[in-house]
Amino acid sequence: MKSFATLCIEDPRPLEGVRSTNLPIYATSSFYFDDVAQSQLAFTGKSPQPFYSRYSNPTVEAVSDKIARLEGFCTDLEPWAVLTSSGMSAISTLVLGVLKAGDTIITQGNIYGGTTELFEKVVRPLGVEVVYVDFQNMDQVGQKISEVNGSKLVFAETPSNPALDCIDLGALCKLSHGMGAKVVVDNTFCTPYLQRPFAFGVDFIIHSTTKFLHGHGSSTAGAIVGADLDIRKRVWESMKLLGTNCSPFEAWMINMGLKTLTIRMDKHCANAMEIAKRLENHHNVLKVNYNSLASHPYHELAKKQMSQFGAMVSFEVKGGLEKASNFMNQLQHCMLAPTLGDTHTLVLHPSGMSHINVDKAIREANGITDGLVRLSVGIEDVEDIWMDLERALGN
Ligand SMILES: *Cc1c(COP(=O)(O)O)cnc(C)c1O
């Protein structure tokens, strides 16, 4: 079997007999039929031939197949993936495809801010119950799942954003499956190179490919990955009817990023580990959240579930909001930007940016204080990143 890194690089050949070394972009909204019989086979799903790009496009299919193979790597599953226009549309497409009024989402407070906002502002008003639990407390999770109605979807993120708490995926899946609930994990922070949730029994994986899978900050797209073929049909229909499809160009951009996934992630992780260590020893830093640190409460769990500790680091600047703002305003290299997973080091203020629309009580219960700063450590020379952070932290 070929290695993970090779699978990231290798392109499928979507067109028989054409020998392009790289994946071509099929910039077409539709594909013609030779005759009426062929059109009927396509429209009744009896032929896999692509005919309309919102339904299916060879460039998009090639990249979704690659992501599915990467998530299924070293498992005995043969997963499918559906690409979408963004990470948010991956989540909404999955949720609207598999749940209906009367069903329940069981989730945690400390996930991507947009996901919580989507659940509260769009999903809950459609009649889907949303309940928050602490995924560290399996008794509480079991209690909640047993209390709620309808189809149950457990939605988790590990490591969480931005405090980087880890959830025991094996334990969560065992408990959830025992009570008839399916488990979704947003694997955006890790990518399948660092963490493969299927190995722990997870049912669906979500990606904002906008982040590390593309990895260059030049594309917005998302992916839903699953293994159950009946559910693939529902998810694909949801994508097709909501119109949340990924464009061929964006799929191609994801593929370009995937080719360097392993070397980028190795460098991201090495840089993040070094920056976390130095921050922990800085007198103007109160607390550092990074899973490689022995001080981190989820160090052991992270070691079990992840092959490396990732690019995301968060830390509390001594002196709260004022000192944290000073620090961010002093940065000259690192950019204050509301994303992550770029080659460049990015800084974000969770309570004032990504989580500003999340209820303050939910925010603070999850460690998102006003002095907390999140870093997406890039792949620059680590000394250049540190020089900037150290200067901005002051004496
Ligand atoms: C960015 C992000 C999303 C949303 O993705 P978009 O591509 O911006 O729609 C969802 N989950 C996580 C963990 C993210 O970082």
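Residues numbered from 1 in each chain as written. Predicted model: local features only at pLDDT ≥ 70, side-chain atom pairs only at ≥ 80, totals over all residues. Heavy atoms only, no water.

Caption draft 1: Region of the structure containing the pattern of salt bridges. Counted under the stated rule, the structure contains 16 salt bridges. Residue Glu120 is joined to Arg124 by a salt bridge in which the shortest nitrogen-to-oxygen separation is 2.9 Å. We classify Glu120 as partly exposed; its relative accessible area is 29%. A salt bridge links Glu274 to Arg278; the nearest nitrogen and oxygen atoms lie 2.8 Å apart. In this pair, Glu274 and Arg278 are both assigned in helix 11 (residues 261–280), 4 residues apart and thus about one turn of the helix distant. Among the ionic contacts, a cluster of salt bridges with common partners joins Glu274, Lys277, Arg278 and Glu383. (Salt bridge = Lys/Arg side-chain N within 4 Å of Asp/Glu carboxyl O. Buried < 20%, exposed > 50% of the residue type's maximum accessible area, 1.4 Å probe, protein only. Helix = DSSP H or I, 4+ residues; strand = E, 2+ residues; numbered from the N terminus.)

Caption draft 2: View of the site of the ligand. Among the 13 residues in the neighbourhood of the ligand, the closest are listed as Met88, Asp186, Ser208, Thr210 and Lys211. Asp186 places a polar side-chain atom, nitrogen or oxygen, 2.7 Å from a nitrogen atom of the ligand. For the ligand, an oxygen atom lies 2.8 Å from a polar atom in the side chain of Lys211. Bound to the protein, the ligand loses 93% of the 380 Å² it would expose on its own. Tallied by class, residues from the shell around the ligand come to 5 nonpolar, 5 polar and 3 charged. (Near = heavy atom within 4 Å. Polar contact = N/O pair within 3.5 Å; in protein donor to acceptor, adjacent residues only side chain to side chain. Areas by Shrake-Rupley, 256 points an atom, 1.4 Å probe, with all protein chains shown as cover. Nonpolar A, V, L, I, M, F, W, Y, C, P; charged D, E, K, R; others polar.)

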